[in-house]
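This is what each chain is made of:
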Amino acid sequence: MTSSMLRRQLKNLVQNYSEAEVKVREATSNDPWGPSSSQMADISDLTYNAVACNEIMTMLWKRLKDDKNWRHIHKVRRRIRNGKLKWNHFFM
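Since the model is a prediction, treat every value here as computed from it, not as a measurement.

Caption draft 1: Focus on the overall build of the protein. A count of helices and strands for the protein gives 5 helices and 0 strands. Scanning the protein from its N terminus toward the C terminus, one meets helices and strands in the order α-α-α-α-α. For the protein, buried positions account for 37% of its 92 residues. For the protein, the share of sequence-separated contacts (at least 6 apart) that also reach a separation of at least 24 residues comes to 58%. Carbon together with sulfur atoms contributes 54% to the accessible area of the protein, which is approximately 6,100 Å² in total.

Caption draft 2: Structural context of the nonpolar core. In terms of nonpolar packing, the biggest core is built from 13 residues, with Ala-20, Val-24, Ile-43, Leu-46, Ile-56 and Leu-60 touching the most fellow members. Listed by contribution, the elements that provide at least two residues to this core are helix 2 (19–27), helix 3 (37–46) and helix 4 (50–64).

Caption draft 3: Structural detail: the packing of helix 2 against helix 3. At a minimum axis distance of 10 Å, the contact between helix 2 and helix 3 shows a crossing angle of 145 degrees. Considering the relative orientation of helix 2 and helix 3, their crossing is left-handed. Of the residues in helix 3, those in contact with Ala-20, Lys-23, Val-24, Glu-26 and Ala-27 of helix 2 are Gln-39, Met-40, Asp-42, Ile-43 and Leu-46.

Caption draft 4: Spotlight on the layout of surface pockets. Within this model, the largest pocket holds a volume of roughly 360 Å³. Around the largest pocket, the lining comprises 15 residues; the ones closest to its centre are Lys-11, Arg-25, Arg-63, Asn-69 and His-72. When contributions to the lining of the largest pocket are tallied by element, the ones reaching two or more residues are helix 1 (3–14) and helix 4. No other element matches the 4 residues that helix 1 contributes to the lining of the largest pocket. Along the lines of polarity and charge, the residues of the lining of the largest pocket split into 2 nonpolar, 5 polar and 8 charged. Of the volumes computed, that of the second largest pocket is approximately 210 Å³.

Caption draft 5: Quick peek at the UniProt feature "coiled-coil region" (unreviewed entry) in the protein. As annotated by UniProt and renumbered to match this structure, "coiled-coil region" (unreviewed entry) occupies residues 3–30. Segment residues 3–30 splits into 75% helix and 0% strand. End C-alpha atoms: 13 Å apart.

Caption draft 6: Inspection of helix 1 at higher detail. Over its 12 residues, helix 1 runs 16 Å from end to end, which matches the ideal 16 Å to within 8%, given 1.5 Å per residue. Within two residues after helix 1, Asn-16 carries a phi angle of roughly 55 degrees, on the positive side.

What counts, and at which threshold
Residues numbered from 1 in each chain as written. Predicted model: local features only at pLDDT ≥ 70, side-chain atom pairs only at ≥ 80, totals over all residues. Heavy atoms only, no water. Helix = DSSP H or I, 4+ residues; strand = E, 2+ residues; numbered from the N terminus. Buried < 20%, exposed > 50% of the residue type's maximum accessible area, 1.4 Å probe, protein only. Contact = heavy atoms within 4.5 Å. Areas by Shrake-Rupley, 256 points an atom, 1.4 Å probe, with all protein chains shown as cover. Core = buried A, V, L, I, M, F, W, Y, C linked by side-chain atoms within 4.5 Å. Axes fitted to C-alpha atoms, helices over the stretch in contact; angles between N-to-C directions. Left-handed = near helix turned anticlockwise from the far one by under 90°. 1 Å grid on protein atoms, 1.4 Å probe; cavity = no way out; pocket = protein on both sides within 12 Å on 5 of 7 lines; lining within 4 Å. Points joined across faces, edges and corners; volume = space filled by probe spheres on them. Nonpolar A, V, L, I, M, F, W, Y, C, P; charged D, E, K, R; others polar. UniProt positions renumbered as here; feature names shortened; annotations may be inferred. Expected span 1.5 Å × (residues − 1).

Quick look at the structure:
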């Protein structure tokens with residue numbers, strides 16, 4: 001496990017992020033690789049729960065506004081543009 005992964009896990013615990021928020025943070029991390037298809041499927045499935053969907057949208061919005069880490073923005077926008085999120089109609 002890399003130091004960035006350990007920092008992310010610690011921040012998830014300290015900030016008391018929900019399961020949905022943690023999954024979005026992992027999928028839009030600053031790591032040089034993209035999220036796995038299973039991560040995207042998990043996030044997509046969570047959107048059928050109203051509370052989790054709101055948490056996901058809030059975290060995605062937070063990531064989109066993060067001007068210090070360009071990968072966060074890039075990964076969210078790429079998923080939306082490519083239709084990888086079943087619920088991309090929220091952004092249309």
